[in-house]
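Architecture and fold: a report
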Amino acid sequence: MKRHKLIRTVVSVVVFLISLSSAQAELRVGVTMVKITPPTGTPMAGYYYARGSQEVLDDLFAKAAVLDDGTTKAALVVCDIISLPRSIVQDARQLIEQQTGIPGGHVMISATHTHTGPTLPRDSARDNQDGGSSNPAQTYARELPQRIAQAVAEANGKLQAVTVSYACEHEDRLAFCRRFWMKDGTVGWNPGKRNPNVIRPVSPIDPEVGVVYCETTDKKPLLTYVNYALHTDTTGGTKISADYPGALARRLAEYKGPDMVTIFANGACGNLNHLNVNWGQPQTSPAEANRLGTILAGAVLKAYMDLQPVRDTALRVRSQVLRLPLAKITPEDLQEAKAIVEKKDKATFMEQVRAFKVLDVDRRAGTPLEVEVQVITMGETLAWVSLPGEIFVELGLSIKAASPFAQTHIAELANGSVGYIPNRSAYPEGNYEVVSARCGEGAGEMLVQAAVKMLEELKAQTTLRK
Ligand SMILES: [Zn+2]
């Protein structure tokens, strides 16, 4: 009798364990896009002067994917916006929490960095210069959190069972490092086409095109998430446009149908853009944005052939708030900055870049920059890392190289932005991004360290569960 009881217990334990491992929580996903095109006349972003939008080339969207593994929900949101101030992210998260119950900390909100979108007020000395403090910009910024929350709420209302798969393509003809070693020993920035003084680019690019694909259980395309590192400043002019990520979405819709949502998150591209200095062609136009979006779509269309299923779809979320050191400024820098701002448009571009940086850093009176790094993972396969600014590619590559997940995505300009974040070795080289950076040397490496630590911790949880 005793023996029978023991056998029965062993059998029931085994059955219980088998049911645990096969009770693969079904993943549900909901997607949506909400139009966030600003009214005509709204000041446009991306340059050091104000320019009101004239008309709309193509619409801007806040796109959201809500993921639900049965116990945990998370959301990936990307907006066709140059950059999102932290306050907008916080307001949006609060609304999302109220409207859907999804914890604000489980929502990753990033910007594509389109330069043909609205300027948002970002509490910078620059706001008066490029229209960030104007009425239309303020009104737009006040309404944006509601649009973002609306996107997440709608996606949350459309959750349905899906299969998830992933693949990675290689595309190395789209992005270029825009910092170059020059013959005089300095580092040049966007040195111009066919400049004979260029020796070679300072940095590599990140050629990975990360793709995550979801379709419904009856095989309808629902979502293609694309991650690639490339500055979004190709359209130019004064017409509103989502730039090449818009073209990417149009191309993929031609193949997968109009009901599929393409979400493009920009990777660590602080020092990368699309300008090929060895190619004489002009590269700023809506046609150029279409060319880039089409090439990127080509990479995704190739990736569709290599999709691997994600079997363990358990979601995990973690984030950390870091205090980044400020860039060093002197009292002389401050005097000079004030004089430059007085000169208004007589000041050179680099003088303005330096002056606004100095004024913004001075305004903080020594208070470090508070930023968030967030990691969302799916099983032991996929990871999404958010970084709070325009991140040098080296930092993104470091995170990817150290990540224990099969495929890691980096969303820059996510959950707020403190502007450019160079890697340590760029500081002594100087030039645009470093002159502009509000954070000091080592800030970028702090982000990498925090991201890798969280990735490792979340990976350890997946192995513990086995
Ligand atoms: Zn930029």
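Counting starts from 1 at the beginning of each chain's written sequence and moves along it residue by residue. For this predicted model, a pLDDT threshold of at least 70 governs which residues receive local features, and a threshold of 80 or more governs which side-chain atom pairs are given and counted, while totals over whole chains, interfaces and linings are taken from all residues.

What to know about the sheet that holds strand β19 (residues 382-386)
For two strands to count as paired, DSSP must find a minimum of two bridges between them. Each helix is a run of H or I in the DSSP string that is no shorter than four residues. Each strand is a run of E no shorter than two, and both are numbered from the N terminus. Strand order in the open sheet formed by four strands is β17-β18-β19-β21, and the pairing between neighbours is mixed. In this open sheet, the two strands that pair with only one neighbour each are β17 (315-324) and β21 (407-411). Strand-to-strand, the axes of this sheet are offset by a mean angle of 15°, without reference to chain direction. Here, axes are lines fitted to C-alpha atoms. For helices the fit covers the stretch in contact, and angles between N-to-C directions go from 0 to 180 degrees.

Describing the sheet that holds strand β10 (residues 198-201)
Spatially, β9-β8-β10 is the arrangement adopted by the three strands of the open sheet, whose pairing is antiparallel. In this open sheet, the two edge strands, each paired with only one partner strand, are β9 (187-189) and β10. Taken over all neighbouring pairs, the strand axes of this sheet differ in orientation by 40° on average, direction set aside. In terms of strand pairing, strand β8 (residues 179-182) meets β10 through three bridges, oriented antiparallel. When the sheet's bridge partners are listed, Met182 is paired in β10 with Val198.

As for the environment of Arg250
The topology assignment puts Arg250 in helix α5 (residues 244-256). In this structure the C-alpha to C-alpha distance between Arg250 and Ala365, which are 115 residues apart in sequence, comes to 46 Å.

Things to note about helix α2 (residues 86-100)
One fewer than the residue count of a helix, multiplied by 1.5 Å, yields its expected span. For α2, built from 15 residues, the straight-helix expectation of 21 Å at 1.5 Å per residue is met to within 8% by its first-to-last C-alpha distance of 21 Å. Ile88, Val89, Ala92, Arg93 and Ile96 are the residues of α2 that are buried. Within α2, the buried residues cover an arc of 130° as seen down the axis, which keeps them to one side. In the core, the buried residues of α2 are packed alongside β5 (107-111) and α4 (135-157). Looking one or two residues beyond α2, the residue adopting positive phi is Gly101, at roughly 80°. Residues with at least 20 neighbouring C-beta atoms inside 10 Å of their own are called buried, those with 12 or fewer are called exposed, and the rest are partly exposed, where every C-beta is derived from the backbone. In this description, the arc belongs to the directions extending from the helix axis to the C-beta atoms. Contacts are defined on C-beta atoms placed from the backbone: any two residues whose C-beta positions lie within 7 Å are in contact.

Side note on helix α6 (residues 286-303)
Over its 18 residues, α6 runs 26 Å from end to end, which matches the ideal 26 Å to within 8%, given 1.5 Å per residue. Among the residues of α6, Glu288, Ala289, Leu292, Gly293, Leu296, Ala297, Ala299, Val300 and Ala303 are the ones counted as buried.

Some remarks on the packing of helix α7 (residues 331-343) against helix α8 (residues 349-363)
The description of two helices packed together rests on the angle between their axes and the distance between the axes. Across the interface, α7 lies against α8 with an axial gap of 8 Å and an inter-helix angle of 125°. One finds that α7 runs oblique with respect to α8. The way α7 lies across α8 gives a crossing that is left-handed. Taking contact as the criterion, the partners of Asp333, Leu334, Ala337, Ile340 and Val341 in α7 are, on α8, Glu351, Gln352, Arg354, Ala355, Val358, Leu359 and Asp362. When its residues are assigned to classes, the contact of α7 with α8 shows seven nonpolar, one polar and four charged. For classification, angles of less than 35 degrees are called roughly parallel, those exceeding 145 degrees roughly antiparallel, those between 65 and 115 degrees roughly perpendicular, and all remaining angles oblique. Handedness of a crossing is defined here by the sense of rotation of the near helix relative to the far one, left-handed for an anticlockwise turn of less than a right angle and right-handed for a clockwise turn. In the scheme used here, Gly and all other residues not listed as nonpolar or charged are polar, with Ala, Val, Leu, Ile, Met, Phe, Trp, Tyr, Cys and Pro taken as nonpolar and Asp, Glu, Lys and Arg as charged.

Quick look at unusual backbone geometry
Not every positive phi belongs to a glycine, and Lys219 is a case in point at roughly 65°. The residue Lys219 is located in the loop between β11 (208-216) and β12 (221-228) in this model. Phi is positive for Asn431, which is not a glycine, with a value near 75°. By the element assignment, Asn431 lies in the loop between β22 (420-421) and α10 (432-436).

Concerning the confidence of the model for the protein
Values of pLDDT, which run from 0 to 100, indicate the predictor's confidence residue by residue. Looking at the protein as a whole, the pLDDT averages 94, with 94% of positions reaching at least 70. Taken together, the stretch residues 18-23 has pLDDT below 50 and engages in zero contacts with residues farther than four places along the chain or on a different chain.

Here we look at the environment of Arg291
Note that Arg291 resides in helix α6. Sequence spacing of Arg291 and Thr234 is 57 residues, and the spatial spacing of their C-alpha atoms is 10.0 Å.

Points about the environment of Val89
With respect to the helices, strands and loops of the structure, Val89 is situated in helix α2. By C-beta crowding, Val89 is classed as buried, having 27 other C-beta atoms within 10 Å. Sequence separation between Val89 and Ile295 is 206 residues; the distance between their C-alpha atoms is 31 Å. For Val89, the contacting residues outside a window of four places in its chain are Leu84, Ile109, Asn415 and Gly416.

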